[in-house]
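Listed below, chain by chain, are the residues.
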Amino acid sequence: MAGAASALFLLDIKGRVLVWRDYRGDVTAAQAERFFTKLIEKEVFNSTIALPNNNYKIIGDSESNDPVVYDNGVTYMFVQHSNVYLMIASRQNCNAASLLFFLHRVIDVFKHYFEELEEESLRDNFVVVYELLDEMMDFGYPQYTEARILSEFIKTDAYRMEVTQRPPMAVTNAVSWRSEGLQFKKNEVFLDVVESVNILVNSNGQIVRSDVVGALKMRTYLSGMPECKLGLNDRVLLEAQGRATKGKAIDLEDIKFHQCVRLARFENDRTISFIPPDGAFDLMTYRLSTQVKPLIWVEAQIERHSRSRVEMLVKARSQFKERSTATNVEIELPVPTDASNPTVRTSLGSAAYAPEKDALVWKIKSFPGNKEYMLRAEFHLPSVTAEEATPERKAPIRVKFEIPYFTVSGIQVRYLKVIEKSGYQALPWVRYITMAGEYELRLM
């Protein structure tokens, strides 16, 4: 088992201790002062460099600090939120990534209770803060970090806290993310397969970077303690079952599951089996690093007439099948910073000048597949320019869109089964959506 945390500190922006919880008795409150001293030393080192004659030059900022500091046998792991530092000190060889993730979960829980995590909210809720720290970590090991479960027996209302509360079953059994006894009139499961396409195209029209980041987002309204089983067109699974995989199977990379998924079962037979939390959660995320063809291709031609006028011709072409349609398409076209009085004509949709972005924004509500549309724009420029004009920036064309009932990767949900001891029938709903992520075309 990885090493445990010795203590958790909550500090203000000046390094003063607001709250601290000692879990193992091998550190003292003085560790907070040592940590803040080392943090300041790192900030000074990272932000200045000595020059001759004892002058200094700034080369960075404090945000470039690593979240881990080691000093005299103690490892400090910290995150900053608003005007509060959350810091864990440990004398053991601990899993730093796991404890940093735990600190982010602590932030989520505090925001659930106090709306905002700030110095003032901590000072106003010392009792609740200590109760939460006692429940979320035991002897230095993370325990329960689901805000909905914690809120069932730790109340922010002092009057309600006086009543002896029985801990919910979720705290006393192995399924800490779901309460027992849930009942719904209609048992339903909603599954959204959402893929974000990230593409970077250089000025020569070559794809420099492309990948697909996907997520299986679920909303469950199920009674009791159901068991869910999900099957995908995973190449490893289909080949193990001896099924044909001609163009129908995919190779998933960088898979990350919600804690409810039984990892041992997945490693054995690639079956995704789980008892779901109640409500909305991300069941799984994945990535595909294969070469992706741009779904919406944009070409732009700019013609300058002397120094007073600029004409722009833009062609947008959808490169997916006709049976699919992109919705809420938004194409952001950079224009000169001193441009004004635009005259715009489009073959579809509408366009508006956004001076705060130095861009022309072309919006198309519905963009069918295998179609091409055009935009013509004319801008006026000031006739007088500075002698030492700054070089014009080369901003990229940015594209946003959504394509329902479509995935780039070809992922398919083969089945979604819900099994519960009472034998009720659940209605599963599956939807596919592809949207633009970091979608930039540096063609201008």
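Computed from a predicted model, the values in this text were never measured in an experiment. (Residues numbered from 1 in each chain as written. Predicted model: local features only at pLDDT ≥ 70, side-chain atom pairs only at ≥ 80, totals over all residues. Heavy atoms only, no water.)

Caption draft 1: Focus on the pattern of salt bridges. Going through the model one piece at a time under the given rule, you end up with 18 salt bridges. Note that Glu119 is salt-bridged to Arg123, the shortest N-O span being 3.0 Å. With Glu119 and Arg123 both in helix α3 (residues 119–123) and 4 residues apart, the pair spans about one turn of that helix. The partner of Asp192 in a salt bridge is Arg431, and the shortest N-O contact between them spans 2.8 Å. One end of the pair, Asp192, is in strand β10 (residues 188–201); the other, Arg431, is in strand β25 (residues 427–441), and 239 residues separate them in sequence. Relative accessible area serves as the criterion here: at 14%, Asp192 is assigned to the buried category. Salt bridges sharing common partners tie together Glu332, Lys357, Arg398 and Glu440. (Salt bridge = Lys/Arg side-chain N within 4 Å of Asp/Glu carboxyl O. Helix = DSSP H or I, 4+ residues; strand = E, 2+ residues; numbered from the N terminus. Buried < 20%, exposed > 50% of the residue type's maximum accessible area, 1.4 Å probe, protein only.)

Caption draft 2: Layout of the sheet that holds β10. Taken in spatial order, the 9 strands line up as β13-β15-β11-β10-β25-β23-β18-β21-β20 in an open sheet, and their pairing is mixed. Looking at which strands have only one partner, the edges of the open sheet turn out to be β13 (253–257) and β20 (350–354). Pairwise comparison of adjacent strand axes, ignoring direction, gives a mean angle of 15° for this sheet. One ladder, built from 5 bridges, connects strand β23 (residues 397–404) with β25; its direction is antiparallel. Counted as the bridge partner of Pro404 is Ile433 from β25. (Pairing = 2+ DSSP bridges. Axes fitted to C-alpha atoms, helices over the stretch in contact; angles between N-to-C directions.)

Caption draft 3: Fine view of the nonpolar core. Counting 70 residues, the largest nonpolar core has Leu216, Leu230, Ile272, Phe274 and Leu283 as the members making the most contacts within it. No other element matches β10, which puts 6 residues into this core. With residues near it in sequence (within four places) discarded, Phe274 still touches Met218, Pro226, Glu227, Cys228, Leu230, Cys260, Val261, Arg262, Phe281 and Leu283. (Core = buried A, V, L, I, M, F, W, Y, C linked by side-chain atoms within 4.5 Å. Contact = heavy atoms within 4.5 Å.)

Caption draft 4: The arrangement of helix α4 (residues 126–136) in detail. Listed in full, the buried residues belonging to α4 are Val128, Val129, Leu132, Leu133 and Met136. Mapping the buried residues of α4 onto a view down its axis gives an arc of 135°, with all of them on the same face. (Arc of directions from axis to C-beta.)

Caption draft 5: Representation of the packing of aromatic side chains within the structure. Following the criterion strictly, the structure yields 15 aromatic pairs and no others. Considering the side-chain rings of Phe36 and Tyr85, the 5.8 Å spacing of their centres and the 80° angle between planes classify their relative orientation as edge-to-face. Taken together, the residues span a long stretch of sequence, with Phe36 in helix α1 (residues 30–47) and Tyr85 in strand β7 (residues 84–90) at a distance of 49 residues. Taken as a pair, Phe36 and Tyr85 share a single burial class, namely buried. Ring geometry for Phe190 and Trp429: centres 6.4 Å apart, planes at 10°, overall stacked. Taken as a pair, Phe190 in strand β10 and Trp429 in strand β25 lie far apart in primary sequence, 239 residues in all. (Phe/Tyr/Trp six-rings, centres within 6.5 Å; stacked < 30°, edge-to-face > 60°.)

Caption draft 6: The pairing of strand β15 (residues 279–288), seen in detail. Two strands pair when backbone bridges link them, and strand β11 (residues 207–221) and β15 are joined in this way by 9 bridges, in the antiparallel orientation. Paired with Val212 across the strands is Leu288, a residue of β15. Bridge count between β13 and β15: 3 bridges; the pairing is antiparallel. What sits directly across from Lys256, in β15, is Thr285.

Caption draft 7: Representation of a negative patch on the surface. On the surface, Glu115, Glu116, Glu118, Glu120 and Asp124 cluster together into a negatively charged patch. Mapped onto the fold, Glu118 is located in the loop between α2 (96–114) and α3. (Patch = residues over 30% accessible without salt bridge, like charges linked within 9 Å, V, L, I, M, F, W, Y side chains within 5 Å. Areas by Shrake-Rupley, 256 points an atom, 1.4 Å probe, with all protein chains shown as cover. Lys, Arg positive; Asp, Glu negative; His and termini not counted. Charge placed at Lys NZ, Arg CZ, Asp CG, Glu CD.)

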